[in-house]
Amino acid sequence: MLLRALCLLLLIVTGNCNFFRDPFPSFIKDLGFDFPLGATPSDDNTPKPKKDKPNFKGRWELFTENSGVSAMHLILLPKINKVLMFDSTIWLKSNIMLPKGEPCRMVDEGQGVIHDCYAHSVLLDIETKELVPLRLNFDTWCSSGALAIDGTLVSTGGFRNGSDTARYLSLGDNSPWREYPGTLANGRWYSTQVTLGDGRFIVFGGRDSPTYEFLPAEGQGNTQPILFPFLVETKDPDENNLYPFVYLSTDGNLFVFANNRSILLDPNTQKTVMEFPVLPGGSRCYPASASSVLLPIVIQPNQEEDKKIQAEVLVCGGAKNDAFFWADRNRPKLFNPANDDCGRIKITESKPEWKIEKMPSPRILGDAIILPTGDVLLLNGAKAGSAGWDDAREPNFTPVMYRTRASENERFRELEPSKIARMYHSTSALLPDGKVMVAGSNTNNGYLFDALFPTELRVEKFSPQYLDPTRSKERVQIVADAMTTQLKYGEKVMIQVRSPQFKLDKTKLQVTMYSPPFTTHGISMNQRLVQLGIVDVKSNVYAGIHNIVATGPPSGNIAPPGYYMLFVNFNGVPSVAVWVQIKQA
Ligand SMILES: *[C@@H]1O[C@H](CO)[C@@H](O)[C@H](O)[C@H]1NC(C)=O
Ligand SMILES: *[C@@H]1O[C@H](CO)[C@@H](O)[C@H](O)[C@H]1NC(C)=O
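Taking an unreviewed UniProt entry as the reference, the protein chain is identified by name as Galactose oxidase belonging to Rubroshorea leprosula.

Have a look at this one:
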């Protein structure tokens, strides 16, 4: 109250309130107080009763007008804080040229050699907006990808001579793509890449490839695809089993969802361990393109065994099994309403059942992004039609928050709508500051700017409701220098945070680790949020510092080796993340 009165006085006299802009006398700073990110000190530290319905519904900002390429595939790369976006090479065109001095691609489609001097992949700096074009030779159209333990992006599959290609992009400036055609035993177009607990990759499916295979070491070829009858059985006339949803479960088995069926597959014995009930109500995989996540994996304090850690899957939206036929093949085109339901299932139970929930609006071609808090943001996409060129209508502009832990009828909350249609080939990514980057949308066979839904090169950032400016004082700041960012399985994680709060109540704190997914066509491969078990919090009030001790992932089946963004959430407001790496000791 005193500060506010003083400010009002200053405002009247001087026209501003500088007192508030730097509200801490230096003697307080000398004591070690340091308030994060524009936080103002609270007059008192008694927790205010939480409002049930926050007024702030999120905020959209235009980040850049030109992403250079249409962001069909997108992934946040660890440490360097750049987003990799790539498209396809088929159009011999994008909105950004290859770097000066880089020879053009010579393309011969049987009608003489064409020089393609455009770049089809770029790195976009998430702070400075710097855009760097990168050369790609083999077609990446509808490919798959994942991060290796050292943060290298490993992408597989694609179109034509890209379909059996493995390609690598290491972290670091000016690192070029390394491409190896002929790596995969089968060509894979619309396949899914998954990371196992030991860091190996398996690639599943793809058009006319009802198989899966382990990715060999860089530069080596694979001759052994493994026949996968499940992908034969789930293929229907519209091929609604492409880009299957595949998740590593906490017991080391793979959950594979295709069309409307799902199984648990042991990747080592290659046996089907279990079949789940059919998820009724339509098809969920490409081109019926629902969105799906493996829900947050929760580690208890001092948990040592993997076995008791549950895993749950959520599948939202999608379409009728013949939606693609009506929108793509039939004339006139007919755009069926998309599904407005979600199915949620506990995949580690012995007799699991799908629980059906209704979303506030139907959605196809959307993304499901797990937020640092464990809630799921459903955004992008359309309300009618199918995946495919010009096959969808009625953009769904309104993001929906799925509150994972809320009681069953309280889970969905609509947030601030966007103004940009994000249809087929749109993507998004969670950023270290808790915002979500949104890019892409191209429903056209080429770069077309005068179509019903033009090729979209604008990139936005969405601030979810937890970035409500009035809650900034709840935002803690991780002291990166005071923690080891190299984690080992089965070891405690020590984190130091700064906060203006008097005390950080253990029950209001969460420590979470998020692995950046490879996002394309509404599927986010290897997206995973692991919540650590908080053992202890010790606050040094005078220094404004709080030391958190947490139980980390016991094994790679809980958190596959590699880079994660580590967040500390207080009262549901996430910190800015720190990159950590976990691997075998
Ligand atoms: C890939 O195939 C296209 C034809 O589809 C051809 O023009 C191109 O040269 C090939 N790329 C390489 C690197 O061989
Ligand atoms: C599952 O999908 C198949 C193929 O589209 C369809 O024939 C079948 O009726 C669906 N089953 C249910 C229970 O919806």
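So, next bit.
(A) Quick look at the sheet that holds strand β15 (residues 226–227). Read from one edge to the other, the open sheet built from four strands follows the order β12-β13-β14-β15, with strand pairing classed as antiparallel. Strand pairing shows two members of the sheet lacking a second neighbour, β12 (192–195) and β15, which therefore form its edges. Pairing between β12 and strand β13 (residues 201–204): four bridges, direction antiparallel. What sits directly across from Gln 193, in β13, is Val 203.

(B) Quick peek at the site of ligand 2. Residues in close proximity to ligand 2 include Asp 236, Asn 259, Asn 260, Val 278 and Asn 321, which together make up its full environment. Within the side chain of Asp 236, an N or O atom sits 2.7 Å from an oxygen atom of ligand 2. Contact with the protein chains removes 51% of the 360 Å² of surface that ligand 2 exposes when unbound. Along the lines of polarity and charge, the residues of the shell around ligand 2 split into one nonpolar, three polar and one charged.

(C) Seen up close, the UniProt feature "domain: Galactose oxidase-like Early set" (unreviewed entry) in the protein chain. When the UniProt feature table is mapped onto this chain numbering, "domain: Galactose oxidase-like Early set" (unreviewed entry) sits at residues 482–582. The span residues 482–582 is 0% helical and 57% strand by assignment, and the distance between its end C-alpha atoms comes to 17 Å.

(D) Representation of the pairing of strand β32 (residues 436–440). Here β32 lies mainly inside the structure; five of its five residues are buried. Sheet topology note: the strand β31 (residues 426–430)/β32 ladder contains five bridges and is antiparallel. Residue pairing for β32: Leu 430 is matched across the bridge by Val 436. In sequence, β31 turns back onto β32 through a hairpin of five residues, with Gly 434 there showing a positive phi of about 90°. In terms of strand pairing, β32 meets strand β33 (residues 459–463) through three bridges, oriented antiparallel.

(E) View of the state of the cysteines. Under the criterion given, the structure shown has two disulfides. What pairs with Cys 104 in a disulfide is Cys 117, and their sulfur atoms sit 2.0 Å apart. Its torsion about the S-S bond being 105°, the disulfide of Cys 104 and Cys 117 is classed as right-handed. One end of the pair, Cys 104, is in the loop between β3 (82–86) and β4 (105–108); the other, Cys 117, is in the loop between β5 (113–116) and β6 (121–125), with 13 residues separating them in the sequence. The partly exposed category is assigned to Cys 117, whose relative accessible area is 22%. The disulfide partner of Cys 316 is Cys 342, and the S-S distance across this bridge is 2.2 Å. Torsion about the S-S bond of the Cys 316 and Cys 342 cystine: about 110°, corresponding to right-handed handedness.

(F) Representation of the pattern of salt bridges within the structure. Inspection of the entire model under this criterion finds 23 salt bridges. Between Glu 218 and Arg 178 there is a salt bridge, with its nearest N and O atoms 2.7 Å apart. Separated by 40 residues along the polypeptide, Glu 218 in the loop between β14 (211–214) and β15 and Arg 178 in strand β11 (residues 178–180) bring together distant segments of the chain. Given the relative accessible area of 34%, Glu 218 is considered partly exposed. For Arg 422, the salt bridge goes to Glu 460, with nearest N and O atoms at 2.8 Å. Here Arg 422, found in the loop between β30 (412–414) and β31, pairs with Glu 460, found in strand β33; they are 38 residues apart in sequence, far enough to count as distant. On the basis of relative accessible area, Glu 460 is assigned to the buried category, the value being 5%. In this structure, a network of salt bridges that share partners links the residues Arg 59, Glu 61 and Lys 435.

(G) Structural detail: the packing of aromatic side chains. By the definition in use, this model includes 27 aromatic pairs. Through pairs of rings, three or more aromatic residues link up here, namely Trp 91, Trp 141, Phe 159, Trp 189, Tyr 190, Tyr 243, Tyr 286, Trp 389, Tyr 424 and Tyr 447.

(H) Focus on the site of ligand 1. Surrounding ligand 1, one finds Met 106, Val 107, Asp 108, Glu 109, Phe 138, Arg 160 and Asn 161. Interatomic distance of 2.9 Å between a backbone N/O atom of Asp 108 and an oxygen atom of ligand 1. The side chain of Asn 161 places a nitrogen or oxygen atom 2.3 Å from an oxygen atom of ligand 1. Its residues placed into classes, the shell around ligand 1 shows three nonpolar, one polar and three charged.

(I) Highlighting the nonpolar core. By size, the foremost hydrophobic cluster in this structure holds 138 residues, and its most contacted members are Leu 84, Leu 153, Ile 495, Leu 566 and Val 568. Beyond its immediate chain neighbours, meaning those up to four positions away, Val 568 contacts Val 476, Ile 478, Ile 495, Val 497, Leu 509, Gln 510, Val 511, Ile 548, Val 573, Pro 574 and Ser 575. Among the nonpolar cores identified, the runner-up in size contains 17 residues, and Phe 204, Tyr 212, Phe 228 and Phe 230 belong to it.

(J) Region of the structure containing unusual backbone geometry. For the peptide bond that leads from Tyr 286 to Pro 287, omega is 0°, which places it in the cis range. In this model, Arg 331 is joined to Pro 332 through a cis peptide bond whose omega is 0°. Along the chain, the position of Pro 332 falls in the loop between α5 (323–329) and β23 (341–346). You will see that Lys 79, though not glycine, has its phi angle at about 65°, which is positive. With respect to the element layout, Lys 79 can be found in the loop between β2 (73–77) and β3. Phi is positive for Asn 81, close to 50°, though the residue is something other than glycine. For Asn 81, the position within the fold is in the loop between β2 and β3. A relative accessible area of 22% means that Asn 81 is categorised as partly exposed.

Reading the values: rules and limits
- Residues numbered from 1 in each chain as written.
- Chains lettered and ligands numbered in written order.
- Predicted model: local features only at pLDDT ≥ 70, side-chain atom pairs only at ≥ 80, totals over all residues.
- Heavy atoms only, no water.
- Pairing = 2+ DSSP bridges.
- Helix = DSSP H or I, 4+ residues; strand = E, 2+ residues; numbered from the N terminus.
- Near = heavy atom within 4 Å.
- Polar contact = N/O pair within 3.5 Å; in protein donor to acceptor, adjacent residues only side chain to side chain.
- Areas by Shrake-Rupley, 256 points an atom, 1.4 Å probe, with all protein chains shown as cover.
- Nonpolar A, V, L, I, M, F, W, Y, C, P; charged D, E, K, R; others polar.
- UniProt positions renumbered as here; feature names shortened; annotations may be inferred.
- Buried < 20%, exposed > 50% of the residue type's maximum accessible area, 1.4 Å probe, protein only.
- Disulfide = S-S within 2.5 Å.
- Salt bridge = Lys/Arg side-chain N within 4 Å of Asp/Glu carboxyl O.
- Phe/Tyr/Trp six-rings, centres within 6.5 Å; stacked < 30°, edge-to-face > 60°.
- Core = buried A, V, L, I, M, F, W, Y, C linked by side-chain atoms within 4.5 Å.
- Contact = heavy atoms within 4.5 Å.

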